[in-house]
2 protein chains.
Amino acid sequence: MEKKIITISREFGSGGRSIGREVAQKLGIPFYDKELVDQIAMESGFAPQFVEEHGEHSPGKSFLSYAFAPQGVPGVMNGMSAADFLWNIQCNVILQLADKGPCVIVGRNADYILKDRPDALHAYIHADIAYRAERIVRLYGESEKSPEARLQEKDKRRRVNYQHYTGRTWGAAQNYDICLSSSKLGIETCVDILVNLASK
Amino acid sequence: MEKKIITISREFGSGGRSIGREVAQKLGIPFYDKELVDQIAMESGFAPQFVEEHGEHSPGKSFLSYAFAPQGVPGVMNGMSAADFLWNIQCNVILQLADKGPCVIVGRNADYILKDRPDALHAYIHADIAYRAERIVRLYGESEKSPEARLQEKDKRRRVNYQHYTGRTWGAAQNYDICLSSSKLGIETCVDILVNLASK
């Protein structure tokens with residue numbers, strides 16, 4: 001069966017987003033990443049920055065979560081934390097996007113949300129630490145923290161979020177149809193493999 | 001760089017061995033699996049059945065391990081368990097095989113043993129439970145235990161052995177350059193992807 005929906009989960013700095021964008025371009029189908037965040041934000045009434053920050057990060061019930069929540073939402077949320085409320089909306093948005101037609105969706109635990117769709121191909125992109133460290137400094141610049149510490153922190157937050165909402169282990173090969181090391185294989189090769197698989 | 005050495009780690013029943021054999025055939029390079037076991041057995045003096053049983057299974061110091069050990073070996077082993085002694089020989093055999101030239105090596109933690117070779121491509125093959133259960137019954141026949149219980153037991157033993165000797169998590173995508181679901185992608189597609197990668 002043709003794989004119409006491609007989800008890409010990725011380690012921070014691995015180039016997974018670039019790979020997703022290029023795959024979508026080559027297949028001539030929509031690419032959802034920032035666009036997805038915006039759509040979720042609009043539907044929920046949360047500020048885009050809040051969605052960006054909490055969409056793949058550890059679930060929290062902090063006071064700050066509520067501070068960024070849309071007006072009136074605490075009432076609507078029926079006692080759910082802001083993060084849980086956001087997760088429900090995220091699921092609905094991703095299910096709707098997949099129903100609309102072929103697309104590439106990066107991140108947001110879409111692999112899990114769309115795990116029962118036979119027309120979905122679930123990919124995971126990872127890379128070694130040195131490659132990712134060099135890449136995040138080149139793309140996002142230096143910061144006070146070492147690139148290794150930034151990677152570690154982001155990895156941890158994605159891992160905790162994924163585990164919390166899916167009950168699965170982040171980065172376990174069994175969750176995905178294909179996992180690729182971008183540092184070993186190269187971005188272009190990863191793109192080619194995914195485009196070929198999607199076109200089969 | 002051309003990838004001359006291909007290691008294939010696999011879940012029991014996933015078809016990883018068949019994939020490895022076909023990749024080796026298509027590339028016209030040696031395939032090591034039973035052959036490797038025999039060679040290890042010859043070098044160590046262990047009975048082939050013992051090597052087959054302990055090469056990828058949980059490390060044990062049972063009385064039975066010693067019962068199957070070659071005559072005179074307990075003295076040579078310098079206090080190592082039979083499993084640890086076997087592991088050392090396994091490492092040497094695999095390093096030597098890789099030095100000999102291009103080849104496909106299935107199992108035996110070869111991904112870890114050859115992790116520092118830049119000309120090695122490390123693949124992991126997995127599949128969903130239903131696919132594997134159907135496959136092991138078809139290939140190896142029925143047994144008293146349910147196929148699911150057989151899979152669970154074998155998975156556990158490989159996981160414990162891998163963790164013990166490599167310090168890594170079995171099936172974590174980060175350990176491999178590429179992980180493929182044979183149940184989702186099909187055996188032939190997995191073969192094609194690996195042959196293409198090795199020929200690049």
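These numbers come from a predicted model, not from an experiment.

**Student:** Can you walk me through the confidence of the model for chain A in this structure?
**Tutor:** Residues and elements named next belong to chain A. With 84% of its residues at a pLDDT of at least 70, chain A reaches an overall mean of 85. The secondary structure element of chain A with the lowest average pLDDT is helix H4 (residues 63-68), at 46, and the one with the highest is strand E5 (residues 178-181), at 98. In this model, residues 60-68 is a region of pLDDT below 50 whose contacts with residues beyond four sequence positions or in other chains number 15 contacts. Scored by ipTM, the complex comes to 0.85, with pTM at 0.86.

**Student:** Any chance you could explain the relation of the copies chain A and chain B here in plain terms?
**Tutor:** Relating the two copies of this chain is a rotation about some axis coupled with a shift parallel to it. With an RMSD of 0.0 Å, chain A superimposes on chain B once it is rotated by 180° and translated 0.0 Å along the axis. Interpreted geometrically, this transformation is the action of a two-fold axis. Most of the interface of chain A is mirrored in chain B: 100% of its interface residues are interface residues there too.

**Student:** So what exactly am I meant to see when it comes to the interface of chain A and chain B here?
**Tutor:** Many structure descriptions define interface size as the accessible area lost when the parts assemble. Every contact between the two is made by 25 residues of chain A and, on the other side, 25 residues of chain B. When the two sides are added together, the surface that chain A and chain B hide from each other amounts to roughly 1700 Å², 55% of it contributed by carbon and sulfur. For the chain A face of the interface with chain B, the top three residues by lost area are Gln174(A), Asp177(A) and Lys184(A), together amounting to 30%. In this assembly, chain A and chain B are joined by 2 salt bridges. Measuring nitrogen to oxygen at the nearest pair gives 2.9 Å for the salt bridge that ties Asp177(A) to Lys184(B).

**Student:** Just checking my understanding: could you explain the packing of aromatic side chains for this structure?
**Tutor:** Pairs of aromatic rings are described using the distance from one ring centre to the other and the angle between the two planes. As enumerated under the stated definition, the model contains 10 aromatic pairs over all chains in all. Centre to centre, the rings of Phe12(A) and Tyr140(A) are 5.7 Å apart; their planes meet at 10°, and the pair counts as stacked. One end of the pair, Phe12(A), is in the loop between strand E1 (5-10) and helix H1 (16-27); the other, Tyr140(A), is in helix H8 (residues 129-140), with 128 residues separating them in the sequence. Overall, Phe12(A) belongs to the buried group, its relative accessible area being 13%. Aromatic pair Tyr162(B) and Trp170(B): ring centres 5.4 Å apart, planes at 65°, arrangement edge-to-face. You'll find Tyr162(B) and Trp170(B) in the same group, each marked buried. Taken together, Tyr124(A), Tyr162(A), Trp170(A) and Tyr176(A) form an aromatic cluster joined through their ring pairs.

**Student:** Where do I start with the side chain of Ser14(B) in this structure?
**Tutor:** Residue and element names in this part refer to chain B. For serine 14, the location among the structural elements is in the loop between strand E1 (5-10) and helix H1 (16-27). A residue is classified by how much of its surface remains accessible, and serine 14, at 0% relative accessible area, is buried. A polar contact of 2.8 Å, which involves the side chain of serine 14, links it to the backbone oxygen of glutamate 11. Looking at serine 14, its side chain comes within polar contact range of the main-chain oxygen of isoleucine 125, at 3.4 Å. In this structure serine 14 touches Ile125, His126, Ala127, Tyr131, Arg132, Arg135, Ser182 and Ile187, once residues within four positions along its chain are discounted.

**Student:** What's the story with the sheet that holds strand E4 (residues 120-126) of chain A in this structure? I'm lost.
**Tutor:** Backbone hydrogen bonds hold the strands of a sheet together, and the pairing may be parallel or antiparallel. The 10 strands are arranged E2(A)-E3(A)-E1(A)-E4(A)-E5(A)-E5(B)-E4(B)-E1(B)-E3(B)-E2(B) in an open sheet whose pairing can be described as mixed. Each edge of the sheet is formed by a strand with only one pairing partner; in this case those strands are strand E2 (31-32) of chain A together with strand E2 (31-32) of chain B. Bridge analysis of E1(B) against strand E3 (residues 103-106) of chain B gives 4 bridges, and the strand direction is parallel. Looking across to E3(B), one finds that Ile6(B) is bridged to Val104(B). On top of the sheet, H1(B) reaches E1, E2, E3 and strand E4 (120-126) of chain B; it is set at about 165° to E1(B), its chief contact.

**Student:** Please clarify how the pattern of salt bridges should be interpreted in this entry.
**Tutor:** It is possible for side chains of opposite charge to pair when their charged atoms get near one another. Residues and elements named next belong to chain A. On inspection of all chains with the given rule, the structure shows 22 salt bridges over all chains. In this structure, the salt-bridge partner of aspartate 119 is arginine 117, at a minimum N-O distance of 2.9 Å. By relative accessible area, which is 22% here, arginine 117 ends up partly exposed. Lysine 145 is paired through a salt bridge with glutamate 153; the nearest N and O atoms lie 2.4 Å apart. One salt-bridge network, in which partners are shared between bridges, spans Glu11, Arg132 and Asp155.

**Student:** Would you explain the pairing of strand E5 (residues 178-181) of chain B in this entry?
**Tutor:** In summary, the side chains of a regular strand alternate between the two faces of the sheet. Burial along E5(B) is two-sided: the residues Ile178(B) and Leu180(B) and Cys179(B) and Ser181(B) are all buried. The pairing of E5(A) with E5(B) spans 3 bridges and is antiparallel. Residue Leu180(A) lies in a different strand from E5(B), and its bridge partner there is Ile178(B). By the bridge criterion, 4 bridges tie E4(B) to E5(B) in an arrangement that is parallel. In the sheet register, Tyr124(B) faces E5(B), and the bridge partner there is Cys179(B).

**Student:** Can you help me understand the packing of helix H11 (residues 187-199) of chain A against helix H11 (residues 187-199) of chain B in this one?
**Tutor:** For any two helices packed against each other, the geometry comes down to the angle between their axes and how far apart the axes lie. In contact at an axis separation of 12 Å, H11(A) and H11(B) are set at 155° when each is read in the N-to-C sense. Here H11(A) is positioned roughly antiparallel relative to H11(B), judged by the angle of their axes. H11(B) is crossed by H11(A), and the crossing has right-handed handedness. Between H11(A) and H11(B), the contacting residues are Thr189(A), Ile193(A) and Leu197(A) on the first element and Thr189(B), Ile193(B) and Leu197(B) on the second.

The rules behind these values
Residues numbered from 1 in each chain as written. Chains lettered and ligands numbered in written order. Predicted model: local features only at pLDDT ≥ 70, side-chain atom pairs only at ≥ 80, totals over all residues. Heavy atoms only, no water. pLDDT = per-residue confidence, 0-100. Helix = DSSP H or I, 4+ residues; strand = E, 2+ residues; numbered from the N terminus. Contact = heavy atoms within 4.5 Å. Least-squares fit on C-alpha atoms with pLDDT ≥ 70 in both. Buried area = accessible area lost by both parts, 1.4 Å probe. Salt bridge = Lys/Arg side-chain N within 4 Å of Asp/Glu carboxyl O. Phe/Tyr/Trp six-rings, centres within 6.5 Å; stacked < 30°, edge-to-face > 60°. Buried < 20%, exposed > 50% of the residue type's maximum accessible area, 1.4 Å probe, protein only. Polar contact = N/O pair within 3.5 Å; in protein donor to acceptor, adjacent residues only side chain to side chain. Pairing = 2+ DSSP bridges. Axes fitted to C-alpha atoms, helices over the stretch in contact; angles between N-to-C directions. Parallel < 35°, antiparallel > 145°, perpendicular 65-115°, else oblique. Left-handed = near helix turned anticlockwise from the far one by under 90°.

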